[in-house]
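Coordinate inspection notes
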Amino acid sequence: MAGSDKKTRTEADSLGPVEIPLAALWGAQTQRALDNFSIDKPLPNRLIRAIALIKLCAARANAELGLLDADKASAITTAAEAIVAGEHADQFPVDIYQTGSGTSSNMNVNEVIAHLCARAGVDVHPNDDVNLGQSSNDTIPSAIHLSAVQALEPLQASIRQLRSAIQTRAAELADVVKPGRTHLMDAMPVTFGQVLGGWDSQLEHAGEKLRGAGHALQRLPQGGTAVGTGVNCHADFAARFCFHLSESTGMHFQPLDSFFAGQGAIDRPLALSAALRGYAIVVGKIANDLRWMNSGPLHGLGEISLPALQPGSSIMPGKVNPVVCESTLMVCAQVQGLDQAICLAAQQGNFELNVMLPLVANNLLEMIRLLSRSNCFLADKAIA
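Since the structure is predicted, the reported quantities are computational estimates derived from the model, not experimental observations. (Residues numbered from 1 in each chain as written. Predicted model: local features only at pLDDT ≥ 70, side-chain atom pairs only at ≥ 80, totals over all residues. Heavy atoms only, no water.)

**Topic: the layout of surface pockets**
The computed volume of the largest pocket comes to approximately 380 Å³. In this structure, the largest pocket is lined by 17 residues; those nearest its centre are Asn294, Ser295, Gly296, Pro297 and Val320. Among the elements that line the lining of the largest pocket, the one with the most residues is helix α10 (residues 267-294), at three residues. Residue composition of the lining of the largest pocket, by class: seven nonpolar, seven polar and three charged. (1 Å grid on protein atoms, 1.4 Å probe; cavity = no way out; pocket = protein on both sides within 12 Å on 5 of 7 lines; lining within 4 Å. Points joined across faces, edges and corners; volume = space filled by probe spheres on them. Helix = DSSP H or I, 4+ residues; strand = E, 2+ residues; numbered from the N terminus. Nonpolar A, V, L, I, M, F, W, Y, C, P; charged D, E, K, R; others polar.)

Okay, structure coming up:
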């Protein structure tokens, strides 16, 4: 420990001593990551909380298997519970663009939990105890699955909100006739009820795809440890771990049939990304149709009037633009771009490990967050 007149303390890892801010709860490996990577911003706290929940359930499983003594398991559980609850969020500063396995973030959580245990008077080792029966190779992919599944719940709620607004307006406008168009040209009469009913059906189908992708993510590679072999992990750990995670979340998690498939590739997160992209395309079509029908008001289609939310020009008084639809379309474009990055990342499953896991984690959670918020604005400020 550095002297009391210094603002740092000294810790060591396999590469030697490292100076760490005195008040920091992290340790040497986290500090090396901070020194090496300062590119964008930290990973989403939702992912960090998922890693902490994995540590909590692993401690319970290891204690039941007789591998971790009760005092250490209790201390790890208490510390991890605090992180899951959102405490100590400033202690996880590792950049998104770090080592491709996410090892730095895994060790960040291990070290913070160990320091919290030390504060509580229990000597816990970040590797030997907090990381017992685990590896970054299985923990980070499992945390991606877990955090994405949890994030899908508010997204599905926002989809229900959007569908409800559409269904209400469809019923109210069931008999109001408008031109139906193909090739942007007048074709046959339709009703607004029919048009909005079509949108609702699209959203229902896209939501089903999201539910299917979320269900697939409840199969976890936790227990595969290094490269999927399960080395240094009890044969019953994966099943016990999934039991405790299911108990903690109210979901139904199970071990993957092949840890190699869940660590060497990211097929299941990729499927969710594709479903999110598909959903974004559906919402983008709806937003564009609204813009077209609102165009004018004198020399466009002028079939509907979207709410006037703000002045639309700094030089043309009275001009009002379809700003919520434009906001939605930008979200949809961003989601499709993030999906493309995940597609490229999926190709980096070199042999037994994908090496773009932090990017995948960040992009999935960002896609879900953007769509969740955008749905609500589109429902309340345009459709309704």
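Having put the structure on the table, let's press on.
**Here we look at helix α3 (residues 70-84)**
Under the 1.5 Å per step criterion, the end-to-end length of α3 is 21 Å for 15 residues, consistent within 8% with the ideal 21 Å. Here α3 has its buried residues at Ala73, Ala75, Ile76, Thr77, Ala79, Ala80, Ala82 and Ile83. Where α3 is buried, its residues contact α2 (45-64), α4 (103-119) and α5 (126-130). Structurally, the start of α3 carries an N-cap: the backbone nitrogen of aspartate 71 is 3.0 Å from a side-chain oxygen of aspartate 69. Directly beyond the C-terminal end of α3, a positive phi value near 100° is found at glycine 86. (Expected span 1.5 Å × (residues − 1). Buried < 20%, exposed > 50% of the residue type's maximum accessible area, 1.4 Å probe, protein only. Contact = heavy atoms within 4.5 Å. Polar contact = N/O pair within 3.5 Å; in protein donor to acceptor, adjacent residues only side chain to side chain.)

**Considerations on the pattern of salt bridges**
Pairing is possible between side chains of opposite charge, provided their charged atoms come close. On inspection of all chains with the given rule, the structure shows 14 salt bridges. Three or more residues are tied together by salt bridges with common partners; here these are Lys178, Arg181, Asp186 and Glu303. (Salt bridge = Lys/Arg side-chain N within 4 Å of Asp/Glu carboxyl O.)

**Observations concerning empty space enclosed by the protein**
For the coordinates displayed, the defined rule picks out one cavity of 30 Å³ or more. Space inside the largest cavity adds up to approximately 40 Å³. Leu306, Pro307, Leu309, Pro322, Val323, Val324, Cys325, Lys381 and Ala382 are the residues that line the largest cavity. Looking at the lining of the largest cavity, the elements that each hand over two or more residues are α11 (323-346) and α12 (357-383). When residues in the lining of the largest cavity are grouped by element, the largest group, three residues, is from α11. For the lining of the largest cavity, a count of residues per class yields eight nonpolar, no polar and one charged.

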